[in-house]
Amino acid sequence: MNLYQKLALSCLISLLFLMFAGATVRVTGAGMGCPDWPTCWGLLIPPTSVDQIDFGKLPIEKFQRKAERMGRDPSLINEQKLREEFNPRHVWTEFINRLCSLPVGFFSVAAFIVSFSLRKKKPIVFYLSLSALLLVMANAILGAHVVYSGLAPGVITTHLALAMLLICVLTYCVWAGCDKPNKLPEITNPSAARRYVGLLLIAVIVEGVMGAQVREMTDELAKSHIDSPRHSWISELESSAIYLVHRSFSWLILILALLSFFAAGKSCNPRVHISPFGTLVIVFAQMILGLIMAQIHIYSWVQIFHVGLAAILLAFNFHWLLLIPKKNPPAAAEG
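Residue indices begin from 1 for each chain and proceed along its sequence in written order. Two thresholds apply to this predicted model, a pLDDT of at least 70 for residue-level local features and 80 or more for giving and counting side-chain atom pairs, whereas whole-chain, interface and lining totals are computed over all residues. Only hydrogens and water are set aside; all other atoms, that is, all heavy atoms of the structure, feed into the side-chain values.

Draft legend 1. The overall build of the protein chain, seen in detail. Of regular secondary structure, the protein chain possesses 11 helices and 0 strands. Helix and strand assignments come from DSSP, with helices taken as H or I runs of at least 4 residues and strands as E runs of at least 2, each series counted from the N terminus. Each helix and strand of the protein chain, ordered N terminal to C terminal, gives the series α-α-α-α-α-α-α-α-α-α-α. Any residue under 20% of the maximum accessible area for its type is buried, any over 50% is exposed, and the rest in between are partly exposed; the area is computed with a 1.4 Å probe on protein chains only. Here the protein chain holds 335 residues, and the buried ones make up 50% of them. Taking contacts inside the protein chain between residues at least 6 apart in sequence as the whole, the part at least 24 apart equals 78%. Note on areas: these come from Shrake-Rupley sampling with a 1.4 Å probe, and a residue is covered only by the protein chains present in the view. If you sum the accessible surface of the protein chain, you get close to 17,300 Å²; carbon and sulfur atoms cover 66% of it. Note on contacts: a residue pair is in contact if any heavy atoms of the two residues lie within 4.5 Å.

Draft legend 2. Representation of unusual backbone geometry in the model. The backbone phi angle of Trp-41 is positive, close to 60°, even though this residue is not glycine. Looking at where Trp-41 falls in the secondary structure, it is placed in the loop between helix 1 (3-28) and helix 2 (60-69).

Draft legend 3. Region of interest: the environment of Val-114. Turning to its location among the elements, Val-114 is positioned in helix 4 (residues 88-115). Separated by 106 residues in the primary sequence, Val-114 and Ala-8 have C-alpha atoms spaced 9.9 Å apart.

Draft legend 4. Local environment of the packing of helix 1 against helix 11 (residues 300-323). For the pair helix 1 and helix 11, interaxial distance at closest approach is 9 Å and the crossing angle is 150°. Comparing the axis directions of helix 1 and helix 11 gives the class roughly antiparallel. Once helix 1 is placed against helix 11, the crossing between them reads as right-handed. Residue-level inspection shows Leu-16, Met-19, Phe-20, Ala-23, Thr-24 and Val-27 of helix 1 in contact with helix 11, the latter providing Ser-300, Gln-303, Ile-304, Phe-305, Val-307, Gly-308, Leu-309, Ala-311 and Ile-312. The axes used here are C-alpha line fits, helices contributing only the stretch in contact, and every angle between their N-to-C directions lies in the interval 0 to 180 degrees. Each angle is binned into one of four classes, with values under 35 degrees roughly parallel, values over 145 roughly antiparallel, values of 65 to 115 roughly perpendicular, and all other values oblique. Definitions for this section: a left-handed crossing has its near helix turned counterclockwise from the far helix by less than a right angle. A right-handed crossing has that turn clockwise.

Draft legend 5. Expanded view of the packing of helix 1 against helix 4. At a minimum axis separation of 8 Å, helix 1 and helix 4 run at an interaxial angle of 160°. The orientation of helix 1 with respect to helix 4, classified from their angle, is roughly antiparallel. Between helix 1 and helix 4 the crossing geometry is left-handed. The class makeup of the residues in the contact of helix 1 with helix 4 is 17 nonpolar, 11 polar and 1 charged. Polar here means any residue outside two lists: the nonpolar Ala, Val, Leu, Ile, Met, Phe, Trp, Tyr, Cys and Pro, and the charged Asp, Glu, Lys and Arg; Gly therefore counts as polar.

Draft legend 6. Representation of the packing of aromatic side chains within the structure. Two rings from Phe, Tyr or Trp (for Trp, the six-membered ring) form a pair when their centres sit within 6.5 Å of each other. Planes less than 30 degrees apart are called stacked, planes more than 60 degrees apart edge-to-face, and all others tilted. Across all of its chains, the model carries 13 aromatic pairs by this definition. Taken together, a centroid distance of 5.5 Å and an interplanar angle of 70° make the contact between Trp-41 and Phe-86 edge-to-face. Taken together, the positions of Trp-41 in the loop between helix 1 and helix 2 and Phe-86 in the loop between helix 3 (79-85) and helix 4 put the pair 45 residues apart, joining distant regions of the chain. Comparing Trp-41 with Phe-86 shows no difference in burial state: the two are buried. Considering the side-chain rings of Trp-301 and Phe-305, the 6.4 Å spacing of their centres and the 75° angle between planes classify their relative orientation as edge-to-face. With Trp-301 and Phe-305 both in helix 11, this residue pair falls 4 residues apart, about one helical turn. Here Trp-301 falls in the partly exposed class, since its relative accessible area comes to 47%. Relative accessible area serves as the criterion here: at 42%, Phe-305 is assigned to the partly exposed category. One aromatic cluster in this structure is built from Phe-20, Tyr-299, Trp-301 and Phe-305.

Draft legend 7. The environment of Lys-183, seen in detail. Along the chain, Lys-183 falls in the loop between helix 6 (153-176) and helix 7 (190-224). As for Lys-183 and Trp-320, which are separated by 137 residues in sequence, their C-alpha atoms are 9.3 Å apart. Once you skip the residues sitting within four places of it in the chain, Lys-183 turns out to touch Trp-175, Leu-322, Leu-323, Ile-324 and Pro-325. Between N or O atoms, a polar contact is any pair within 3.5 Å; within protein, one atom must be a potential hydrogen donor and the other a potential acceptor, and residues adjacent in sequence are included only when both atoms are from side chains. Among the polar contacts listed, one links the side chain of Lys-183 to the backbone oxygen of Leu-322, at a separation of 2.9 Å. Among the polar contacts made by the side chain of Lys-183, one reaches the main-chain carbonyl oxygen of Ile-324 at a distance of 3.5 Å.

Purely spatial values, then, with no claim about function.
Here it is, written out as structure tokens:
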């Protein structure tokens, strides 16, 4: 693995870690832990107590406009109310999430700089590195908009969609950033394997989009059912068509994963390459986590792992597709 691939892989791993951090923020309700951006309560280093905040320097008018977008009475947003809503645990959860985005930015810039050496030999890698950098910048700007929009559902979903696109771009860069990208050894039927793995990828993306809609629903339930136990949400979720389709769609993903696994044959051995085997393992893990949330309880930790593993699944699945040759190389002549 050359320097460029190491930097692109570091950026991808940082992004996947950030997905777990972002899921933690969302599930714990810490998204408004820092009501301003890029500072947090007007400070570069977040406060640990409300006494450390200079409320005279806070953009109260912006907070009021945000409250109005969230359907709250903006006149109630004042120093006293802000003091009451201050939660140091939420503050530092959100701030750590912001810190987790720094390695993504650093490695995306470094990978783009190194990609200049590949722009003649591998122009697609150069342009995708530029695209990755632009996506990182766009998501950083959108992250600020998420804060000032008051966690508007559509903005959050767009934030996630750009992250999913960035995962695919970086995965391709890691794979293609060398003279001879890897391909899996001989597969019995490469065309069938590509077809099933490609369909699996489409299904994973569709499931991810539906999952984002379901997470918006659970966010709203968290706001409107503050005093209700989380397991009581299940009955309300089951009245939603998008939730029922999302839950049932996972069985299609499992079937496609099994068909892909068997079509690829021995190349799915983890000693050959981790992506095919990892894809199937995560699909099974996601099924188990989904069953826990649907039948037992919507645990916060289950939601976090469900979101984070979905991001890793997308990377593994797309990489698996890239590894499958269009056709097997001709057998060497005997004698």
